[in-house]
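Summary of structural features
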Amino acid sequence: FTIERWVSKIAQVSQDGTQKFLYELSDGQTVESVLIPKDDRMTLCISTQVGCAMGCAFCLTSTLGLMRNLHLFEIIEQIMATARQLQPEQKITNLVFMGMGEPFHNYATVIDALKIITERNALSIGKRRVTVSTCGLVPQIEQFAHDSDVKLAVSLTGTTDAMRDQLIPMNRKYNLKRLMQACKKYSQISGYPVTFEYTLLAGVNDSLEDA
């Protein structure tokens with residue numbers, strides 16, 4: 001076995017303090033992690049796959065297609081490697097699975113990672129401070145409430161099936177009605193509300209009717 005200790009290949013900083021890190025994997029593939037400071041929070045956005053198979057029309061990662069799933073240690077090392085680059089007084093307080101890839105397409109590994117992330121004797125990030133995002137894989141949404149007690153976010157981005165079919169192809173398999181049923185079921189079991197993410201696209205999904 002090997003113990004890898006990543007160093008970011010590229011680190012970019014925006015005007016608002018957000019930092020983007022590019023990490024190179026042992027096979028030469030790369031993934032991105034993004035650190036977002038706001039008030040007293042420092043949120044890290046991490047990836048779960050190299051590329052993505054979901055084909056969402058507004059997502060750059062989807063143009064790559066799916067290269068492979070990340071291994072368990074690769075998900076965890078994004079957090080560890082980023083934490084090592086912080087100042088002594090800084091700490092990652094929140095975690096979102098909203099980077100490259102569809103987390104629920106790498107479901108079993110993500111569940112294992114969440115156990116390490118929230119375990120008091122491991123990374124010890126509070127369960128209410130961790131959110132996993134999905135484009136709408138309904139069976140995994142329904143199972144998620146049984147397998148983990150962190151928060152769930154759904155990338156909605158369209159208000160009708162016709163619109164969502166174009167923007168998020170997964171909707172053709174699990175339409176809005178089915179998706180909403182799964183979200184309600186998740187909330188009933190977990191006790192958490194679902195966060196809906198909405199990428200505004202000018203002239204596409206930003207009308208008053210959509211709102």
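Use the structure listed above.
Residues numbered from 1 in each chain as written. Predicted model: local features only at pLDDT ≥ 70, side-chain atom pairs only at ≥ 80, totals over all residues. Heavy atoms only, no water.

This part takes up a positive patch on the surface. A contiguous patch of positive charge, built from K38, R41, K91 and R129, is present on the exposed surface. Relative to the assigned elements, K38 resides in strand 3 (residues 30-38). (Patch = residues over 30% accessible without salt bridge, like charges linked within 9 Å, V, L, I, M, F, W, Y side chains within 5 Å. Areas by Shrake-Rupley, 256 points an atom, 1.4 Å probe, with all protein chains shown as cover. Salt bridge = Lys/Arg side-chain N within 4 Å of Asp/Glu carboxyl O. Lys, Arg positive; Asp, Glu negative; His and termini not counted. Charge placed at Lys NZ, Arg CZ, Asp CG, Glu CD. Helix = DSSP H or I, 4+ residues; strand = E, 2+ residues; numbered from the N terminus.)

Relative to the helices and strands, K9 is located in the segment before strand 1 (10-13). For the pair K9 and Y23, spaced 14 residues apart in sequence, the C-alpha to C-alpha distance is 5.6 Å.

What follows is about the nonpolar core. Of all hydrophobic cores here, the largest spans 55 residues; its most connected members are L95, F97, L114, I117 and F144. Once residues lying within four places of it in the same chain are set aside, the contact partners of F97 are I46, T48, I75, P103, V110, L114, I117, V130, T131, V132 and S133. (Core = buried A, V, L, I, M, F, W, Y, C linked by side-chain atoms within 4.5 Å. Buried < 20%, exposed > 50% of the residue type's maximum accessible area, 1.4 Å probe, protein only. Contact = heavy atoms within 4.5 Å.)

Three or four residues apart is the spacing at which side chains of an α-helix point the same way, because the helix has 3.6 residues per turn. Between its first and last C-alpha atoms helix 2 (residues 107-118) spans 17 Å; for 12 residues at 1.5 Å apiece the expected length is 16 Å, and the two agree. Taken together, the buried positions of helix 2 are occupied by Y107, T109, V110, I111, A113, L114, I117 and T118. Taken together, the buried residues of helix 2 touch helix 1 (72-84), strand 7 (94-97), strand 8 (130-134) and helix 3 (138-147). (Expected span 1.5 Å × (residues − 1).)

In this section: the pairing of strand 7. Residues N94 and V96 of strand 7 are buried on one face, and the alternating residues L95 and F97, pointing to the opposite face, are buried as well. Two strands pair when backbone bridges link them, and strand 4 (residues 41-45) and strand 7 are joined in this way by 3 bridges, in the parallel orientation. The partner of C45 across the bridge, within strand 7, is V96. Note: strand 7 against strand 8, 3 bridges, orientation parallel. Each residue of the ladder has a partner; that of L95, found in strand 8, is V130. For the crossover from strand 7 across helix 2 to strand 8, the handedness is right-handed. (Pairing = 2+ DSSP bridges. Right-handed = clockwise from strand over helix to strand, strands pointing away.)

Turning our attention to the side chain of S133. Structurally, S133 is set in strand 8. Residue classification places S133 among the buried positions, given a relative accessible area of 10%. Looking at S133, its side chain comes within polar contact range of the side chain of E197, at 2.7 Å. Excluding residues that lie within four positions of it along the chain, S133 makes contacts with F97, M98, E102, P103, A153 and E197. (Polar contact = N/O pair within 3.5 Å; in protein donor to acceptor, adjacent residues only side chain to side chain.)

As a further point, take the packing of helix 3 against helix 5 (residues 176-190). For the pair helix 3 and helix 5, interaxial distance at closest approach is 8 Å and the crossing angle is 5 degrees. With respect to their mutual orientation, helix 3 and helix 5 come out roughly parallel. Within the contact between the two elements, helix 3 uses V138, I141, E142, F144, A145 and H146 and helix 5 uses R178, L179, A182, C183, K185, Y186, I189 and S190. Considered class by class, the residues forming the contact of helix 3 with helix 5 number 9 nonpolar, 2 polar and 3 charged. (Axes fitted to C-alpha atoms, helices over the stretch in contact; angles between N-to-C directions. Parallel < 35°, antiparallel > 145°, perpendicular 65-115°, else oblique. Nonpolar A, V, L, I, M, F, W, Y, C, P; charged D, E, K, R; others polar.)

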